[in-house]
Amino acid sequence: METKPRDAVDELLLTYSETGGINYLDAAAVLPSREAIETACADLMSLMFPGFRGEALVDSTDLPDITRSRMRTLHGLLKPEISKSIGDYPPGAETEKKAEALLEFFIAELPPLRKMIWTDIDAAYEGDPAAKSYEEIILAYPSLEAIAIQRMAHVLYLKDLPLIPRIMTEWAHSRTGIDIHPGAKIGSHFFIDHGTGVVIGETCAIGARVKLYHAVTLGARSFQKDEHGKIKKGGKRHPTVEDDVTIYPNATVLGGETVIGARSTLGGNVFLMQSVPPDSLVYYEEKQLKIVPKRPKSAGPFTE
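Residues numbered from 1 in each chain as written. Predicted model: local features only at pLDDT ≥ 70, side-chain atom pairs only at ≥ 80, totals over all residues. Heavy atoms only, no water.

Trainee: Which residues make up the sheet that holds strand S11 (residues 259-260), and what are the values?
Mentor: Here we have four strands laid out as an open sheet, ordered S2-S5-S8-S11, and parallel in their pairing. The sheet is open, and its two edges are formed by strand S2 (185-186) and S11, each paired on a single side. (Pairing = 2+ DSSP bridges. Helix = DSSP H or I, 4+ residues; strand = E, 2+ residues; numbered from the N terminus.)

Pasting the structure below:
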């Protein structure tokens with residue numbers, strides 16, 4: 001007699017009972033909510049750019065009340081998620097105190113962060129002849145959103161808060177196509193022109209007034225493994241880019257010991273795994289470009 005095939009749900013439930021991997025159901029139940037963090041990101045952009053992001057302002061005199069209301073909403077939204085990220089939910093007294101202190105610190109950092117983000121807007125306006133106004137940059141430039149969220153996530157990353165900074169930058173990545181790890185250290189006046197396909201790794205250090213074009217990768221080389229064959233975590237794995245560097249489209253720079261010296265320019269499609277001194281121009285010597293007349297098309301049956 002043939003046995004009846006197991007129901008797909010039963011088979012799936014069996015996999016949930018296995019140990020390891022994605023099957024830590026008890027832990028998953030108290031992880032921070034991705035939806036809540038994404039809502040917080042949108043609220044943060046509204047705080048950075050009131051009137052440009054979020055609800056429109058009917059009158060500028062409403063700004064103080066609206067800002068305080070948004071801040072209260074942000075506080076209420078983030079505190080339970082921070083508690084979950086710390087690993088204790090519902091939070092005990094110690095977690096409650098720690099989450100409140102971290103949240104107060106983060107909120108206090110928002111004013112200086114906004115001033116830093118304004119330097120990025122300046123860089124975009126000065127660095128892109130297509131930019132007609134600051135308003136256009138705030139409303140329509142994906143790089144500004146990616147950089148702004150990364151700068152805010154970086155504050156939480158430096159406080160060793162798990163998960164939330166990465167969820168924040170992934171929200172920006174999914175919206176802009178620009179993937180900047182929250183650990184990357186980025187100086188003022190940072191601009192990514194076009195932006196799509198840019199990848200900036202966790203241990204990158206980027207100086208002031210750096211300009212990247214689309215599809216630039218600042219990544220790691222091959223990863224070292226331990227005696228068990230597992231990738232070693234930590235360490236400086238990504239490049240350092242000094243002040244006033246420009247990197248053109250599709251360039252790839254790899255390695256934690258790689259330093260791009262100040263005021264250097266990397267041409268398009270460059271693949272680099274070694275340092276270059278300041279004031280360098282790095283490019284490939286290609287064959288001479290030829291432009292010749294096209295051959296005339298022969299008359300066919302459909303040619304008038």
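Trainee: Before we move on, can you summarise the packing of aromatic side chains with the specific residues and values?
Mentor: Within this structure, the stated rule accounts for three aromatic pairs. Ring plane angle 10° and centroid distance 5.9 Å describe the contact between Trp118 and Tyr134, whose orientation is recorded as stacked. You can see Trp118 sitting in helix H5 (residues 93-127) and its partner Tyr134 sitting in helix H6 (residues 134-140), a full 16 residues away along the chain. Relative accessible area serves as the criterion here: at 25%, Tyr134 is assigned to the partly exposed category. The interplanar angle of 10° and the centroid separation of 4.7 Å between the aromatic rings of Tyr213 and Tyr248 together place this pair among those described as stacked. With Tyr213 in the loop between strand S6 (211-212) and strand S7 (217-219) and Tyr248 in the loop between strand S9 (246-247) and strand S10 (252-254), the pair connects residues that are 35 residues apart, well separated along the chain. Classification of Tyr213 by relative accessible area gives buried; the value is 13%. (Phe/Tyr/Trp six-rings, centres within 6.5 Å; stacked < 30°, edge-to-face > 60°. Buried < 20%, exposed > 50% of the residue type's maximum accessible area, 1.4 Å probe, protein only.)

Trainee: So what's going on with a nonpolar patch on the surface? Which residues, and what values?
Mentor: A contiguous nonpolar surface patch, about 360 Å² in accessible area, is contributed by Val9, Leu12, Leu13 and Tyr16. Relative accessible area serves as the criterion here: at 35%, Tyr16 is assigned to the partly exposed category. (Patch = residues over 30% accessible without salt bridge, like charges linked within 9 Å, V, L, I, M, F, W, Y side chains within 5 Å. Areas by Shrake-Rupley, 256 points an atom, 1.4 Å probe, with all protein chains shown as cover. Salt bridge = Lys/Arg side-chain N within 4 Å of Asp/Glu carboxyl O.)

Trainee: So what's going on with the sheet that holds S9? Which residues, and what values?
Mentor: Strand order in the open sheet formed by five strands is S3-S6-S9-S12-S14, with parallel pairing between adjacent strands. In this open sheet, the two strands that pair with only one neighbour each are strand S3 (191-192) and strand S14 (281-282). Judged from the two bridges that link them, S3 and S6 form a sheet pairing that is parallel. Bridged to Ile192 within S6 is Leu212.

Trainee: If you had to explain the packing of helix H7 (residues 142-158) against helix H8 (residues 164-176) to someone new, which residues and values would you point to?
Mentor: The interhelical angle for the contact between H7 and H8, taken along N-to-C directions, is 175°, at an axis separation of 8 Å. Put simply, H7 runs roughly antiparallel to H8. For the pair formed by H7 and H8, the contact residues are Pro142, Glu145, Ala146, Ile149, Gln150, Met152, Ala153, Leu156 and Tyr157 on the first element and Ile164, Pro165, Met168, Thr169, Trp171, Ala172, Arg175 and Thr176 on the second. Considering only residue class, the contact of H7 with H8 consists of twelve nonpolar, three polar and two charged. (Axes fitted to C-alpha atoms, helices over the stretch in contact; angles between N-to-C directions. Parallel < 35°, antiparallel > 145°, perpendicular 65-115°, else oblique. Contact = heavy atoms within 4.5 Å. Nonpolar A, V, L, I, M, F, W, Y, C, P; charged D, E, K, R; others polar.)

Trainee: Residues and numbers for unusual backbone geometry, please.
Mentor: The general pattern is negative phi for most residues beyond glycine and trans for most peptide bonds. Positive phi values are uncommon outside glycine, yet His194 reaches one of about 70°. Mapped onto the elements, His194 comes out in the loop between S3 and strand S4 (199-200). Classification of His194 by relative accessible area gives exposed; the value is 54%. For Arg263, which is not a glycine, the phi torsion comes out positive at approximately 65°. Among the structural elements, Arg263 can be located in the loop between S11 and strand S12 (265-266). A relative accessible area of 46% places Arg263 in the partly exposed class.

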